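If you want the building blocks of each chain, they are given just below.
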Amino acid sequence: MTAQYVPEFIIDTALNVERTYMYSHLDGRSILEALFSVRYLMIGDKSGRTVPYGFHDTGKSETVNGTEIKLYEADNPLSIGYTYDSYTSTEDFLKMNPAQRQETMLKSVVLDDSSFPKSADTLTVHSVLKNIEENSNIKITDDKIYVLKDGASAKLNIDKVRKSELYFLIRGLDFESNNKRSQYSDTEWNALEPIERAKILSSDFLTEKKSSTNIGVSYGDLYQTISYMNHRNIYYCGQDDYLCNLGYIETADDEFRIHFKTAGVYDYTSIDVLAQDTDTINQSVKKLSEEMLTDVKMGENSVSGKISLSDNKILVLSVPYSTGWTAYVDGQKAELKEANLVFMAIELKAGEHNIEIKYETPYLRAGAVLTIAGLISFFITFIYFRIKRAV
C-alpha cells in the first residue's frame, strides 16, 4: 500500500497495529482479509495472532528459528477485482463506528459520489456489552477509567455470543500515568505523616510521566493486546480509536476482561464490545464473488483481466489507490475513483469487458522533460561563453 493512504485507512478502521507506519497484518479481521483479496496467511505459533474466520490450515508448515510457521488458506478468496451494485458516500461512512465501517465496505463500495444507487443494506454488527464492573483497583466514570494499580483488570459483562467475530472497541483513548498520590484514598492520605506525604509529592514532581502502555482484552483463552502511545509520545501517529479482534466464537459463555499494564487515568469517549455475525460475512463475500475479474495478469506496473457483467456494476480493484494509475476499459481510458478508503474503482456497464490499469510515477515525464531542457540550456550557455571568451 502507498504511504499516503495507509495511515488514513488504519485510523478510520481503528486497526489494532502498533503504529500507522508499522503494519504487517489486518488483526485477523475476516472482513478486511476478504476485501484485501487475501488468499494465504502465514502465522507463527508464537506470534499471538488470531487465525481469521474463513481460513483453514493447509497442513503445510516450516520451523524458522524455533518458531513453527503454518500456512492458512481462505475458504472463499476474492479476486483482485470484485463488484458491487450500490455505494455508500464517504460522508455517511465516516459517521459510523469502525465496526460498522468494515461491514459497510463488505456490502457496498465507499465512494465520494456515484450515479449508482445508495446502499439500503441493514448492518448486523451489534453491541453485546451490558456493563463494566468496578473493583478496588479500578474506578469508572462516563469518560474516565481510574486504574489505581499496575496490572489491574476489570470484568465486562456481555450477552452470550454465538457464531460471531468478537470485537472490543475503545474510542477517544488518552492515557496519563498515575502519580503515587493518586494511589491513596483521601482517608489513607490523611493518615500519613506529613513527612511521608512530602516525600510522595516530591517523588511525583520528579518522576517522568509515561507516554505509552499496553491494554489487554481477553475472552476465555483468547487474548489480544493494544500497544498504545499517547500524544506526548514521539511516535504518536494520531490514532485514538482501536477495534481489537478477539476472534471467532462458535458458542461460549466465557468471561470478558480488560487488563491495564500501567496504573493511570484513561480518558475515553466510548467503550463497547461488539459481535459480527459470520453468516452475514459469508453471504456478502459470496455476493461480491458472483462477478469478478478473471484471467488476471500482473505486470511490473500493470494489472489486466476480463469481466462479464449481467448488470451495471462497480468494479473494485484491491490495489492501493494512487494518482499514478490510469484505467482502460476495452482500450479506452476510463475514470478511476478512490474506493473503500484505499482501493480503486471503475463504474462499468453490463456486458463483457477487458480491464487494464497501468502505473506511471506522477510527474515522471514532466520531470524528465525539465531535466533535458535544463541540460540543453546549460550546454548552450556553456558554449556561448566559450565562444565569447575565444573572441
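Residues numbered from 1 in each chain as written. Predicted model: local features only at pLDDT ≥ 70, side-chain atom pairs only at ≥ 80, totals over all residues. Heavy atoms only, no water.

Peer 1: What should I look at first to understand the overall build of the protein chain in this one?
Peer 2: Looking only at helices and strands, one finds eight helices and 27 strands in the protein chain. The proportion of buried residues among the 391 residues of the protein chain is 43%. A separation threshold of at least 6 residues defines the contact pool for the protein chain, and within that pool the share at least 24 residues apart is 69%. Here the protein chain has roughly 20,900 Å² of accessible surface; of this, 50% comes from carbon and sulfur atoms. (Helix = DSSP H or I, 4+ residues; strand = E, 2+ residues; numbered from the N terminus. Buried < 20%, exposed > 50% of the residue type's maximum accessible area, 1.4 Å probe, protein only. Contact = heavy atoms within 4.5 Å. Areas by Shrake-Rupley, 256 points an atom, 1.4 Å probe, with all protein chains shown as cover.)

Peer 1: Mind showing me how you'd approach helix α4 (residues 98-107) here?
Peer 2: Because each turn of an α-helix spans 3.6 residues, side chains separated by three or four positions in sequence point in the same direction. The buried fraction of α4 amounts to nine of the ten residues, a majority that puts the element mostly inside the structure. All of the buried residues along α4 are P98, A99, R101, Q102, E103, T104, M105, L106 and K107. Residue N97 occupies the N-cap position of α4, its side-chain oxygen lying 2.9 Å from the main-chain nitrogen of A99. (Polar contact = N/O pair within 3.5 Å; in protein donor to acceptor, adjacent residues only side chain to side chain.)

Peer 1: Explanation requested: the packing of aromatic side chains in the structure shown.
Peer 2: In this structure the tally under the stated criterion is ten aromatic pairs. Lying over the aromatic face of F93, R101 brings its terminal NZ or CZ to 5.9 Å of the ring centre. In this arrangement the basic side chain of K358 is found over the ring face of Y328, its NZ or CZ atom lying 5.5 Å from the centre. (Phe/Tyr/Trp six-rings, centres within 6.5 Å; stacked < 30°, edge-to-face > 60°. Lys NZ or Arg CZ within 6 Å of the ring centre and 35° of its normal.)

Peer 1: In this structure, what is going on with the side chain of S177? I would like to understand it.
Peer 2: Following the sequence through the fold, S177 ends up in strand β13 (residues 174-177). At 3.0 Å, the side chain of S177 forms a polar contact with the backbone nitrogen of K210. The residues contacting S177, other than those within four sequence positions of it, are K209, K210, T262, A263 and G264.

Peer 1: I tried to follow the sheet that holds strand β4 (residues 81-84) on my own but got confused; where do I start?
Peer 2: Across a sheet, strands are paired by hydrogen bonds formed along the backbone, either parallel or antiparallel in direction. Strand order in the open sheet made by the four strands is β4-β22-β26-β25, with antiparallel pairing throughout. The open sheet has two free edges, formed respectively by β4 and β25 (337-339), since each of these has just one partner strand. On average, adjacent strands in this sheet sit at an angle of 40° to one another, irrespective of strand direction. Relative to strand β26 (residues 343-348), strand β22 (residues 313-317) runs antiparallel, the two sharing five bridges. Opposite L315, over in β26, you have I346 as the bridge partner. (Pairing = 2+ DSSP bridges. Axes fitted to C-alpha atoms, helices over the stretch in contact; angles between N-to-C directions.)

Peer 1: I tried to follow a negative patch on the surface on my own but got confused; where do I start?
Peer 2: A cluster of acidic residues, E8, D112, D113 and E338, forms a negative patch on the protein surface. Within the secondary structure, E338 sits in strand β25. (Patch = residues over 30% accessible without salt bridge, like charges linked within 9 Å, V, L, I, M, F, W, Y side chains within 5 Å. Salt bridge = Lys/Arg side-chain N within 4 Å of Asp/Glu carboxyl O. Lys, Arg positive; Asp, Glu negative; His and termini not counted. Charge placed at Lys NZ, Arg CZ, Asp CG, Glu CD.)

Peer 1: What am I meant to see in the packing of α4 against helix α7 (residues 278-288) here?
Peer 2: Angle between the axes and distance between the axes: these two values describe a pair of packed helices. Remark: α4 packs on α7, axes separated minimally by 9 Å, with the N-to-C direction vectors making an angle of 35°. Here E103, L106 and K107 of α4 come into contact with α7, specifically with T280, I281, S284, V285 and L288. Grouping the amino acids of the contact of α4 with α7 by side-chain chemistry returns four nonpolar, two polar and two charged. (Nonpolar A, V, L, I, M, F, W, Y, C, P; charged D, E, K, R; others polar.)

Peer 1: Is there a simple way to explain the layout of surface pockets in this structure?
Peer 2: To locate leftover empty space, one rolls a probe as large as a water molecule over the atoms. Within this model, the largest pocket holds a volume of roughly 340 Å³. Lining of the largest pocket is provided by 16 residues; of these, N16, V17, H25, Q224 and T225 occupy positions nearest its centre. Residues of the lining of the largest pocket, tallied by class, amount to three nonpolar, ten polar and three charged. Surrounding the second largest pocket, 18 residues form its lining, G54, D75, N76, N282 and V285 being those nearest its centre. Listed by contribution, the elements that provide at least two residues to the lining of the second largest pocket are α2 (30-35) and α7. (1 Å grid on protein atoms, 1.4 Å probe; cavity = no way out; pocket = protein on both sides within 12 Å on 5 of 7 lines; lining within 4 Å. Points joined across faces, edges and corners; volume = space filled by probe spheres on them.)

Peer 1: Looking at this structure, how should I read the sheet that holds strand β8 (residues 129-132)?
Peer 2: Strands sit in the order β8-β11-β17-β14-β15 across an open sheet of five strands; the sheet is antiparallel. Of all strands in the sheet, those with a lone pairing partner are β8 and β15 (222-229), marking the two edges. In this sheet, neighbouring strand axes are inclined to one another by 20° on average, regardless of whether the strands run parallel or antiparallel. When β8 meets strand β11 (residues 153-158), the two strands line up antiparallel, connected through three bridges. Among the inter-strand pairings, N131 is bridged to a residue of β11, identified as N157.

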